[in-house]
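A look at the structure
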Amino acid sequence: MMDLKEDNLIINKRLILFLISILLLVSFCSIFFIENHSLVAHDESLYANRAKLIIDSNNWFTPFENAHHKTIGSYWLIALSFKIFGISEFSARLPSFIFSVLSSFVLFKIIKNIGGLKIGLISIFTLSSSFIWFSYSRYCSPDTFYIFLNLLSILYLIKTNNLLKEHKKKKYLFLSGLFLSIPFFVRSYLQLLPLLSLIPLILFKIKNLRYENTKYFIIGFFIGLIPLIIYYYISYSAYGVDSLIRPYMLLHGKTLTENNIFEGFLFYPRNLILLSTPFFIFLINGTRYILKNKSIEIQILLVFTPFINIFVLMLTASKYSHYGLFTIPLLASNASFGIYESFKKKSNGSIYTLKIFGGLMFIINTLIFLSSISNFHLKILNQFNLIEVLIISLLALAAMFLSLKIFYKTNSKSFNFNHILSIFFIQIFILSIFFTNGIIGNPNNEIKNFIYQSDVKKIIKDNQIFLIGELDNKNLNLLKFYLPKTKLIKKTQIPKLKTIYGIISDKDIKEFNDLIRGEFINLKEFKDINLIKIN
């Protein structure tokens with residue numbers, strides 16, 4: 001057995017690598033089941049439609065009619081995925097999955113560098129078990145790519161020290177600066193948040209370096225801004241000064257005017273804690289352990305950097321959980337140190353923390369077990385077959401058993417890291433099954449099923465569909481993605497003297513007879529929208 005032993009702490013490397021391999025396989029396979037997936041109306045359908053517009057127009061810098069409020073890099077990876085794999089939920093969400101895996105690997109490298117192999121392996125499981133990270137790993141957005149770039153910047157900054165040879169030191173500083181500024185092209189002004197949060201770490205790392213070295217960080221940072229500068233130059237040529245004003249107005253709105261000021265004061269700490277279940281239980285332990293035993297560099301990275309990030313968000317008028325996504329890998333790493341400390345010291349506080357974790361996971365998995373069994377008999381949800389119900393039930397039972405062992409046998413010599421990592425594994429595996437079957441990641445399947453009915457599907461395949469009048473934004477965004485050929489028109493712009501197919505709201509259809517002379521047929525109804533044929 002290739003076991004690692006230190007202070008009676010044991011991690012079974014073969015078991016952990018096996019579990020990681022299973023998670024990668026199951027997670028990747030889960031995004032293939034597109035019949036059980038549908039996009040979130042905001043923001044997934046918006047990102048997907050804009051990426052689709054890039055492909056349709058073959059314009060990778062200025063595809064929009066007017067100046068855009070986000071940098072075009074937000075859509076490039078999704079558009080590239082559409083170009084390679086075709087337009088579907090799978091290709092829309094694939095980039096997020098790829099870069100979530102790469103982000104986990106980079107985080108592992110960071111934590112292995114500062115805390116050792118054990119804590120690095122733990123960080124993979126704590127990060128992946130977070131619901132917000134799990135969700136955005138399968139979400140059509142540039143967020144995981146943006147996190148990946150920031151983690152790369154941190155990795156190369158952490159690897160920089162005075163013991164390195166000069167050429168490596170310069171290389172790492174250059175790459176750190178480069179990867180810190182490229183995200184401005186991907187996420188525009190949102191990158192100011194990680195940049196501001198990382199300033200203490202940057203200053204700490206470069207304060208003992210000669211200018212000959214630090215200038216490479218600065219050079220890398222400005223080279224990383226080149227894609228942004230090129231984009232703004234092309235955008236300015238097409239749209240004028242609006243191309244510079246609109247991104248700033250978005251920043252202004254999100255931080256100051258969208259809601260009441262300080263609207264995020266309770267929202268961000270509350271949501272980030274809830275969405276970090278179950279690893280948030282170990283954050284107090286982790287913070288205490290890092291502040292007492294680790295270097296200033298690690299303290300800044302894993303305690304003060306996420307604190308600054310969350311504190312800045314608390315002072316804004318925004319209420320978007322994904323704005324805090326940058327903190328999740330850092331908090332997960334902090335919690336990984338907390339888990340390590342809990343097993344290493346076995347103090348009263350550590351034992352109490354482990355018992356809370358065991359009790360919470362027992363309750364969660366008991367609910368999952370009872371729900372899966374009752375659902376199989378009552379048929380409340382029809383997504384699961386017998387095999388899936390058995391898998392979920394057995395995994396939940398295993399997690400319940402491990403949770404009880406954690407709760408009652410925290411002082412046992414046989415109790416080690418493998419038990420707690422197995423619980424994290426089970427949570428991630430069950431979430432993947434839920435995603436595969438559309439329990440999560442599938443909020444708009446009804447409208448998708450309406451469009452994919454055989455008679456409706458034939459009409460939309462053979463004809464351009466006109467989106468007529470004032471449609472609800474949610475429906476409009478989804479229809480623009482799922483319908484292959486659409487055109488948005490006003491009621492007064494309906495083409496004369498030809499047969500057309502269109503989708504119109506209930507509200508507008510009441511006024512329809514007064515605006516057209518020909519006849520129309522209401523072919524299909526779905527909630528508050530109608531598929532019509534105009535002769």
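Located above this text is the structure these notes cover.
Here the structure is a predicted model, which is why all the values come from computation and not from measurement.

Take the overall build of the protein next. Broken down by element type, the protein carries 24 helices and 7 strands. Against the 2.2 N^0.38 benchmark of 24 Å for 535 residues, the protein shows a C-alpha radius of gyration of 26 Å, consistent with a compact globule. Dimensions of the protein along its principal axes, counting C-alpha atoms only, are 85 × 65 × 40 Å. Taken across its 535 residues, the protein has 55% of its residues classed as buried. Once local pairs closer than 6 in sequence are excluded, the contacts in the protein between residues at least 24 apart make up 75%.

Together, Arg 288, Lys 292, Lys 344 and Lys 345 make up a region of like positive charge exposed at the surface. Of all the elements in the fold, those that place two or more residues in the positive patch are α15 (283–293) and α17 (327–345). Along the chain, Arg 288 turns up in helix α15.

The next subject is the environment of Asn 411. Here Asn 411 lies in the loop between α19 (386–408) and α20 (417–436). The exposure class assigned to Asn 411 is exposed, which follows from its relative accessible area of 57%. For the pair Asn 411 and Ile 351, spaced 60 residues apart in sequence, the C-alpha separation works out to 8.1 Å. Beyond its immediate stretch of four places on either side in the chain, Asn 411 contacts Lys 346 and Ile 351.

Here the focus is the side chain of His 37. Here His 37 lies in the loop between α1 (13–30) and α2 (44–57). In this structure His 37 comes out as buried when scored by relative accessible area, which is 1%. Side-chain polar atoms of His 37 contact the backbone oxygen of Phe 33, separated by 3.4 Å. When near neighbours in sequence (up to four residues on either side) are disregarded, His 37 contacts Ser 30, Ile 31, Glu 89, Arg 93, Phe 435, Thr 436, Gly 441, Asn 442, Asn 445, Lys 448 and Tyr 482.

Counting residues in each nonpolar core, the largest one holds 157 residues, and the members touching the most others are Phe 125 and Ile 420. With residues up to four places along the chain from it excluded, the contact list for Ile 420 reads Phe 282, Ile 339, Phe 343, Leu 354, Phe 357 and Ile 406. Counting 9 residues, the second-largest nonpolar core is a separate cluster that includes Phe 466, Ile 489, Ile 494 and Ile 534.

Here we take up unusual backbone geometry. It is generally the case that most residues other than glycine have a negative phi and that most peptide bonds are trans. Here Thr 277 and Pro 278 are connected by a cis peptide whose omega angle stands at 10°. You can see Pro 278 is positioned in the loop between α14 (264–274) and α15. With a phi close to 55°, Asn 58 is a non-glycine residue in the positive phi region. Residue placement: Asn 58 occurs in the loop between α2 and α3 (73–85).

Turning next to the side chain of Ser 123. Within the secondary structure, Ser 123 sits in helix α5 (residues 117–129). Exposure remark for Ser 123: the relative accessible area of 0% places this residue in the buried category. When sequence neighbours within four positions are dropped, the list of residues in contact with Ser 123 reads Leu 107, Phe 108, Ile 111, Ser 333 and Ser 336.

Applying the stated criterion across every chain yields a total of 12 salt bridges. Taking the shortest distance from any N to any O, the salt bridge between Glu 44 and Arg 93 comes out at 2.8 Å. One end of the pair, Glu 44, is in helix α2; the other, Arg 93, is in helix α4 (residues 89–115), with 49 residues separating them in the sequence. Taking the relative accessible area as the measure of exposure, Glu 44 reaches 0% and is therefore buried. Classification of Arg 93 by relative accessible area gives buried; the value is 2%. Across the salt bridge formed by Glu 89 and Lys 448, the nearest N and O atoms sit 2.8 Å from each other. With Glu 89 in helix α4 and Lys 448 in helix α21 (residues 445–451), this pair connects stretches of sequence that are 359 residues apart.

Another point: the sheet that holds strand β7 (residues 529–534). Through backbone hydrogen bonds, the strands of a sheet pair up, either in parallel or in antiparallel fashion. Across the sheet, which stays open at both edges, the 5 strands sit in the order β4-β3-β5-β7-β6 with mixed pairing between neighbours. What marks the edges here is a single partner per strand, and that holds for β4 (486–489) and β6 (520–526). The average undirected angle you get between the axes of adjacent strands in this sheet is 25°. On the sheet, helix α22 (residues 454–462) packs against β3 (465–468), β5 (500–505), β6 and β7 and is oriented at approximately 125° with respect to β6.

Take α20 next. The terminal C-alpha atoms of α20 lie 29 Å apart, and with 20 residues this matches the ideal 28 Å at 1.5 Å per residue to within 8%. With 20 of 20 residues buried, α20 lies mostly within the body of the structure. Positioned one or two residues after α20, Gly 438 has a phi angle of 80°, which is positive.

In this section: the pairing of β3. Of the two faces of β3, both are covered, the one formed by Ile 465 and Leu 467 as well as the one formed by Phe 466 and Ile 468. Following the chain from β3 across helix α23 (residues 473–482) to the adjacent parallel β4, one finds a crossover that is right-handed. Examined bridge by bridge, β3 and β5 share 3 bridges and lie parallel to one another. Bridge pairing in β5 links Phe 466 to Gly 502.

Parameters at a glance
- Residues numbered from 1 in each chain as written.
- Predicted model: local features only at pLDDT ≥ 70, side-chain atom pairs only at ≥ 80, totals over all residues.
- Heavy atoms only, no water.
- Helix = DSSP H or I, 4+ residues; strand = E, 2+ residues; numbered from the N terminus.
- Rg over C-alpha atoms; globule rule 2.2 N^0.38 Å.
- Buried < 20%, exposed > 50% of the residue type's maximum accessible area, 1.4 Å probe, protein only.
- Contact = heavy atoms within 4.5 Å.
- Patch = residues over 30% accessible without salt bridge, like charges linked within 9 Å, V, L, I, M, F, W, Y side chains within 5 Å.
- Areas by Shrake-Rupley, 256 points an atom, 1.4 Å probe, with all protein chains shown as cover.
- Salt bridge = Lys/Arg side-chain N within 4 Å of Asp/Glu carboxyl O.
- Lys, Arg positive; Asp, Glu negative; His and termini not counted.
- Charge placed at Lys NZ, Arg CZ, Asp CG, Glu CD.
- Polar contact = N/O pair within 3.5 Å; in protein donor to acceptor, adjacent residues only side chain to side chain.
- Core = buried A, V, L, I, M, F, W, Y, C linked by side-chain atoms within 4.5 Å.
- Pairing = 2+ DSSP bridges.
- Axes fitted to C-alpha atoms, helices over the stretch in contact; angles between N-to-C directions.
- Expected span 1.5 Å × (residues − 1).
- Right-handed = clockwise from strand over helix to strand, strands pointing away.

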